[in-house]
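A closer look at the structure
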Amino acid sequence: MNVELRPVKTEAEQALSAAYAAARATLPGKGDVAKLREDAFRRFETRGLPHRRVEEWKYTDLRALLRTAYPLAPAPDAAAHARVRNAGGILSGVDRRRLVFVDGVFAPELSDLTEEEGLTIGSLAEALTKADPLAMARVGKTFVTEDVAVALNTALMGDGAVIRVAAGVALRRPIHLIFAASNDRPSASYVRSLIVIEKGAHATIVESYEGASSQINSALELIVGDDARVDTIKIASGRALQMASLLATVGARAIFNSFAFAADAELVRTQSFIRFAGEDTKAAVRGVSLLRGRDHVDNTLLIEHAAPHCQSREQFRAVLDGDSRSVFQGKIVVQPHAQKTDAKMLTRALLLSETAEADNKPELEIFADDVVCGHGATAGALDPGLKFYLMSRGISEKESEALLIEAFIDETIEEIAHEGIRDALKFAALKWLGVRS
Amino acid sequence: MLEIKNLHAEVEGKKILNGLTLTVNKGQVAAIMGPNGSGKSTLAYVLAGKPGYEVTEGEVLLDGQNILELSPDGRAAKGVFLAFQYPVEVPGVATMTFLRTALNAQRKTRGEGELSTPEFMKLVRDTSTKLGVSQEHLRRAVNVGFSGGEKKRNEILQMAILQPRLAVLDETDSGLDIDALQIVAEGVNRLRSPERSMIVITHYQRLLNFIVPDVVHVLAKGQVVKTGGKELALELEAKGYAQFVGEAA
Ligand SMILES: Nc1ncnc2c1ncn2[C@@H]1O[C@H](COP(=O)(O)OP(=O)(O)OP(=O)(O)O)[C@@H](O)[C@H]1O
Ligand SMILES: [Mg+2]
């Protein structure tokens, strides 16, 4: 009798374990950081890559999707820098501060480090190596989660941005974190950023991810102080695997908006863990995903209302063509003392093809009694009545469809506060549409 | 000139038009009246080319060309315009973008150049002022948040801008208040021209006091059962449809 033994670990899981074993001695940070990595790695070891029987990863079966874990990217050389010179071009028309990361490593030469009052910028690798007190006090503590993608990030984090905006300071221009894969050979990078926006400060932070045949696992720990106003925009594109986790805690009377945009991105998982920790905060968590071919874009939210009188709006839209698949999972948790919470979640998927699939899983977990919470979801094709109306006025079928799709997308993009970024994303959406016809 | 010959059409397998024959000459305004469900809107949709309205027999010639072979946008470029009984709201599409895209698409199909921005703006401004459509409404998405009457006015505004050869007005009067009815009727009357044919579908004689038709047709069970002059509308108002409905096959 021939008993076939199934390996306990998949090939990718074995590669990840080997990568950690090989890199741990040289990864930045000793002592507490090393222990943090070790604990996180053990979490990955016990659980393995998340798969479809793990509720939060039900529709994005990473164990099946990640067949090969690419090796950790080597430190980028001058040639690598040269290859990503135009990275972040999607916002080229916007006056912003570029901070460039090549294969996960901060590239000061490519970045704009001009001084601005109240703004401190550093690299995570440096902060961990020097045991910088701010970094040591914060890293891994902003939003504690058992999530395995975050655990892998913690175990393998190599570099990232460490940014502080001092109390009361309003940044003059957006900060654009550009994560580019230099695309020499397939490689993986693990970036962790730490951004602290102090009391009453204002900032707009953009993260963009691009580059083919690469795997990036990023985590952004974001601390929004009381009375602060923060807008974050995340842009994903490229034939790559991009896993991004936002770990945020938001103080009292803050205004917090986040937006996740994906167009022509192969495999994206954006997970937002956001805790409203102080009262009277107004927040919006939004996103637009444009998919075609076999693209797979997953937006998963865990929104925790941990303080009373906060308002949150969760709005996600996806346009799907070809055999693509979009996933939205939104969980809103209202803690017992978070009375007067007002949370509304709305997701809509526009299906341009019969073989595209949109999965939607909204969840409310409410432990307080005096709250207004709701969710709604729709998925469907373009309204034939609307299309006929436009065509009856002389507009061609293709153009009618394009107008209606553009309208569907723009209604959400319109909510981005920064005009230049808004226009750039509208333009990117138009470009995506243009390829369609 | 519009010639509808022995038109049979069905929707979802249900026969609605049953051999409808009707001619509207150049420059003519033809009123179509008829009981609820007699097929008036169906005729309008068939003319405009709405998907799902299947023509099983007959033809529709506009200036000699069978328009049934054309797509809705092709018909529009040929000059067909339908003012909808229930205009739809198009969220996210700005009214100005819509008007401009439509006008330029039609001009392009006809081999005419696009209108310049100032020319277009002036056209819209002049037309909307005459029809009492405010700038505020023009700034909104098409029909979104418009009242029933405002939507109807917006249809006439589109018609005035697109200058069709054949205009089909499906119950444009319903939902209009007395003043609006007059403004809309004046708008329609301004568009009367020796080069243009119009079909005005209505239930009420009142509209026909403002837009005086050259001819009145009565539709019942998908056929024209009676044709007469404008006094026919008065007769219908007084006596109802009972006398004609029996005559349909
Ligand atoms: N999509 C559809 N599916 C099934 N039946 C339909 C459909 N559209 C119209 N009909 C039927 O066709 C018939 C004619 O409808 P139509 O709307 O043309 O009438 P009408 O003369 O415009 O009526 P009204 O005066 O009420 O506007 C009606 O019996 C209607 O129920
Ligand atoms: Mg009708």
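Residues numbered from 1 in each chain as written. Chains lettered and ligands numbered in written order. Predicted model: local features only at pLDDT ≥ 70, side-chain atom pairs only at ≥ 80, totals over all residues. Heavy atoms only, no water.

A word on the sheet that holds strand E7 (residues 166-170) of chain B
All names here are of chain B. In spatial order, the strands read E6-E7-E8-E3-E9-E10; together these 6 strands make up an open sheet with mixed pairing. Either end of the sheet is taken by a strand with one partner, and the two such strands are strand E6 (80-83) and strand E10 (223-228). Put simply, the sheet's adjacent strands are angled 20 degrees from each other on average, direction ignored. In this sheet, strand E9 (residues 215-220) lies alongside strand E3 (residues 29-33) in parallel orientation, the contact comprising 4 bridges. Opposite Ile32, over in E9, you have His217 as the bridge partner. (Pairing = 2+ DSSP bridges. Helix = DSSP H or I, 4+ residues; strand = E, 2+ residues; numbered from the N terminus. Axes fitted to C-alpha atoms, helices over the stretch in contact; angles between N-to-C directions.)

Concerning helix H3 (residues 95-109) of chain B
A rise of 1.5 Å per residue sets the reference length of H3 of chain B, with its 15 residues, at 21 Å; its end C-alpha atoms lie 21 Å apart and thus fit the reference within 8%. Within the span of H3 of chain B, buried status applies to Thr95, Phe98, Leu99, Thr101, Ala102, Leu103, Asn104, Ala105, Gln106 and Arg107 of chain B. In the core, the buried residues of H3 of chain B are packed alongside helix H8 (384-391) and helix H9 (397-413) of chain A together with helix H2 (72-78), helix H4 (117-131), helix H5 (135-139) and helix H6 (148-162) of chain B. (Expected span 1.5 Å × (residues − 1). Buried < 20%, exposed > 50% of the residue type's maximum accessible area, 1.4 Å probe, protein only. Contact = heavy atoms within 4.5 Å.)

Digging into the environment of Val372 of chain A
All names here are of chain A. Looking at the element boundaries, Val372 is found in strand E17 (residues 372-380). Separated by 264 residues in the primary sequence, Val372 and Pro108 place their C-alpha atoms 47 Å from one another. Filtering out sequence-adjacent residues up to four positions away, Val372 remains in contact with Thr341, Asp342 and Ala343.

Considering the domain arrangement of chain A
Residue and element names in this part refer to chain A. Considered domain by domain, chain A is made up of domain 1 (30-44 + 71-382) and domain 2 (383-437). Taken together, the contact pairs 31 residues of domain 1 with 23 residues of domain 2. Three residues stand out in domain 1 for area buried against domain 2, namely Arg292, Arg317 and Leu382, and they jointly supply 29% of the buried area on that side. On the surface where domain 1 and domain 2 come into contact, there are 2 salt bridges. (Domains from an automatic or database assignment. Buried area = accessible area lost by both parts, 1.4 Å probe. Salt bridge = Lys/Arg side-chain N within 4 Å of Asp/Glu carboxyl O.)

Considerations on the pattern of salt bridges
Applying the stated criterion to the full structure yields 43 salt bridges over all chains. One salt bridge connects Glu401 of chain A with Lys387 of chain A, and the closest N-O pair in it is separated by 2.9 Å. Taken together, the positions of Glu401 of chain A in helix H9 and Lys387 of chain A in helix H8 put the pair 14 residues apart, joining distant regions of the chain. Just as Glu401 of chain A is buried, Lys387 of chain A falls in that class too. Glu136 of chain B is the salt-bridge partner of Arg140 of chain B, the closest N and O atoms lying 3.0 Å from each other. Each member of the salt-bridge network shares a partner with another, and the members are Asp95, Arg97, Asp112, Glu116 and Arg173 of chain A.

Considering the coordination of the magnesium ion (ligand 2)
Six octahedral donors around a metal ideally subtend angles of 90 or 180 degrees, whereas four tetrahedral donors ideally subtend 109.5 degrees. Residues and elements named next belong to chain B. Ser41 (OG) and Gln85 (OE1) make up the full set of protein donors to the magnesium ion (ligand 2), lying at 2.0 to 2.3 Å. With a gap of 44 residues between them, Ser41 in helix H1 (residues 40-48) and Gln85 in the loop between E6 and H3 connect regions that are remote in the sequence. Ser41 gets classed as buried once you look at its relative accessible area, which sits at 19%. Residue Gln85 is classed as buried on the basis of its relative accessible area of 13%. (Donors = N, O, S within 2.8 Å, 3.2 Å for Na, K, Ca; no water.)

Description of the sheet that holds strand E4 (residues 53-62) of chain B
Pairing is antiparallel in the open sheet, where 4 strands are placed in the order E2-E1-E4-E5 (chain B). Of all the strands in the sheet, just strand E2 (14-24) and strand E5 (65-66) of chain B have a single pairing partner and so form its edges.

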